[in-house]
Amino acid sequence: LKEGKAEVLHKPGEAFYNPAQVQNRDLSIAVLREFFKLRDEEAASKKKDGKEEEKHQRRVLEGLSATGLRAIRYAKEIEGLTEVVANDFSAAAVESIDRNVKHNKVEEIVKASHADASLLMHKAKQVEKDKFDVVDLDPYGSATPFLDAAVQAVNEGGLLAVTCTDLAVLCGNHSEACFAKYGCTSLRGKHCHELAIRIVLSSIESHANRYKRHIVPLLGVYMDFYVRVFVRVYTSASAVKWSASKQSMVFQCTGCGAYHLQPLGKVVERGNSIKFLPSLGPPVGELCELCGYKHQLGGPMWSQPYFQPEFVGRVRAQLWGDQAGFASYKRVCGLLTALEEELVDQPLFYDLSVLASLLNVVCPSNAAFAAPLLKAGYRLSHSHTSPMAMKTDAPVEALWDIMRGWVKDHPVKKLKEGSPGFRLLQQESKHIVDPDFTVTAEQRKEDKASRSTPKYMPNPTPDWG
Ligand SMILES: C[S@@+](CC[C@H](N)C(=O)[O-])C[C@H]1O[C@@H](n2cnc3c(N)ncnc32)[C@H](O)[C@@H]1O
C-alpha cells in the first residue's frame, strides 16, 4: 500500500489499516510541520530577547501505531525529526511495524516498540528528556484510557494529538457512557459534533489539570466518523485556576432545542491574586421560556475557542502548497477553510433546517435568514460540521422573530396543538431584529457574481488559491 512517501507491506488481519483515515494522517502531517515551525519561531524570539534558547530533540510518539504507516510518514514527510517511536501492544502489529520500517529504510528514525501505550508514557514522563514533543493517540473508539499518561508524557508546550471515533457516545446516543468515559454528558442535536470536540477538550483539560498542566487548543475538527484535536500542553499552577471558567454546562430545551451556556465559574483578579467564583444558579428556569418544554443538562464542555484561525490558515497553506504530497489535500483544505470561517468565539449553533421543521414550514434560504440578523448588527457564520448551521451571537429569540416573519409569506402545514412549533408561533415578537428585512434577488445575484463566499460570511475566503 502506498500513502504519501510511505509504502507499507500489509497482510490483512495482521494489523489495523484504514485507507479512509488518509485525511487524518495528511492533516496530522501538515499540523506537525506547522507546530515545529511555531516552536522554531518561539525559540528564535526567545533568543532575540536574550533568553536562553531551548534545544528540542523533536521526538514523536505514536502510541497506537498498528502497521506503522503514520509513524513512517511522519519520519519521511516532516523535516528534522530525530526519533519517532511507533508503539503497539499487539505482537503481530509490532512485527508489521518492524517489517515496514526496514522496507522504508527509516530505521535511523523510527523505532518499533512493543508495550502498553499508557505504561510507555508513564515511564517517559519520569525523566524530562524522555518526554515527547508530540504524542499522537489514534485508538479504536475513545482515547480516554490513555489521557492521564499522555498529558504527562508531552514536554513543555508540546503537542498532544487525539482521535476519538466513539461518536455515538460523544453525540448523545449514550450520554451515560459519555459521562463515564469523559466526565461530561453529551447531548443530541445538530451541533452534536461540535459538542463532541468540546467534550474531548474538556476531558483532556481535566486530566491535565491534575498535574498542574493546562491545554491550549490549536485545531479541532469533525471528519467522517471521528473527531481529531491538536492541543499544546503547558505547566502553570496559576493558569489551572482559570480552568473552570473555560468550561460550561449546557442547558438545552427538549422541545425547541434552545440552549444556554453556564460557565462553571469565573475568575476575578484582585491585586496580585486571583479568586475563583463559582457560578450562581442556572441561566434559565426549569421550563423553556420559548416553548415551555423542560431543559436537559449537558456538559461540562470546553467553551473557549477550539481552534486558532491563524494556525488553521497556516496548516491549510501547508496542504495547498504540497498537493502532490497530500492525496486528500482538496477535501482537507475545504474542511479547514470552512473551519477558519467559523465564528471562533461562539460555541455551538442552531440549524436552519431544524428551525423550519419545528414550524412545519419550507426552509428559508441562508441569505434570507441572514439578512435581518446582519442588518441588526449581529455576526453570523456556518460551521464546518454542518452546512445549515447558523452560528451567531444573536439571542435565540431573534432567530424566532425571523422565522415568525417567514411564516407570514409561507404557509405552515398542520402543527399539533401544544407542540414546540405551535407554542413558538403563539409567542409575541421580541422585535430584536426586523424580520421583514430581506436581500433582493438582484442583490443576491450581485453577491454571487462578485465573490465565492456570500457577504454574510464573516471572513471572506482568504486568498489561498
Ligand atoms: C486504530 S489502530 C491505529 C491506527 C494507526 N494509528 C494508523 O494511523 O493507521 C489502533 C491500534 O491500537 C493498538 N492498541 C490498542 N490498545 C493498545 C494499548 N493499550 N497499547 C498499545 N497499543 C494498543 C491496537 O493493537 C491497534 O493496532
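Summary of the structure given here. (Residues numbered from 1 in each chain as written. Predicted model: local features only at pLDDT ≥ 70, side-chain atom pairs only at ≥ 80, totals over all residues. Heavy atoms only, no water.)

## Side note on the sheet that holds strand 8 (residues 213–223)
- An order of 5-4-3-6-7-9-8 is seen for the 7 strands of this open sheet, with the pairing classed as mixed. The two strands at the open ends of the sheet, each matched to only one other strand, are strand 5 (110–114) and strand 8. Along the sheet, successive strands turn relative to each other by an average axial angle of 15°, direction set aside.
- Contacting strand 3 (59–62), strand 4 (83–88), strand 5, strand 6 (132–137) and strand 9 (226–235), helix 2 (residues 69–77) crosses the sheet at an angle of about 175° to strand 4.
- Packing against the sheet, helix 8 (residues 192–209) makes contact with strand 7 (154–164), strand 8 and strand 9, and its axis sits at approximately 160° to strand 8. (Pairing = 2+ DSSP bridges. Helix = DSSP H or I, 4+ residues; strand = E, 2+ residues; numbered from the N terminus. Axes fitted to C-alpha atoms, helices over the stretch in contact; angles between N-to-C directions. Contact = heavy atoms within 4.5 Å.)

## Some words on unusual backbone geometry
- In this structure, proline 300 follows glycine 299 across a cis peptide bond, with omega equal to 0°.
- By the secondary structure assignment, proline 300 is in strand 14 (residues 295–302).
- Phi is positive for alanine 66, which is not a glycine, with a value near 55°.
- Within the secondary structure, alanine 66 is located in the loop between strand 3 and helix 2.
- The backbone phi angle of lysine 105 is positive, close to 55°, even though this residue is not glycine.
- As for its position among the elements, lysine 105 is in the loop between helix 3 (91–103) and strand 5.

## A look at helix 12 (residues 352–359)
- Along helix 12, the residues that are buried comprise Leu352, Leu355, Ala356, Leu358 and Leu359. The arc that holds the buried residues of helix 12, viewed along the axis, is 160°, so those residues lie on one side.
- Buried positions along helix 12 lie against strand 15 (350–351), helix 13 (366–375), strand 17 (386–392), helix 14 (396–409) and helix 15 (420–426).
- Looking one or two places after helix 12, you find asparagine 360, whose phi comes out positive at around 55°. (Buried < 20%, exposed > 50% of the residue type's maximum accessible area, 1.4 Å probe, protein only. Arc of directions from axis to C-beta.)

## Remarks on the pattern of salt bridges
- One pass over the full model with this rule turns up 31 salt bridges.
- Between aspartate 130 and lysine 129 there is a salt bridge, with its nearest N and O atoms 3.3 Å apart.
- Judged by relative accessible area, lysine 129 falls into the exposed class, the value being 66%.
- Measuring nitrogen to oxygen at the nearest pair gives 3.3 Å for the salt bridge that ties arginine 213 to glutamate 156. Placement of arginine 213 in strand 8 and of glutamate 156 in strand 7 is noted, with a sequence separation of 57 residues between them.
- Residue classification places glutamate 156 among the partly exposed positions, given a relative accessible area of 36%.
- Several salt bridges converge on common partners, so that one network encompasses Glu3, Arg25, Asp26, Arg73 and Glu77. (Salt bridge = Lys/Arg side-chain N within 4 Å of Asp/Glu carboxyl O.)

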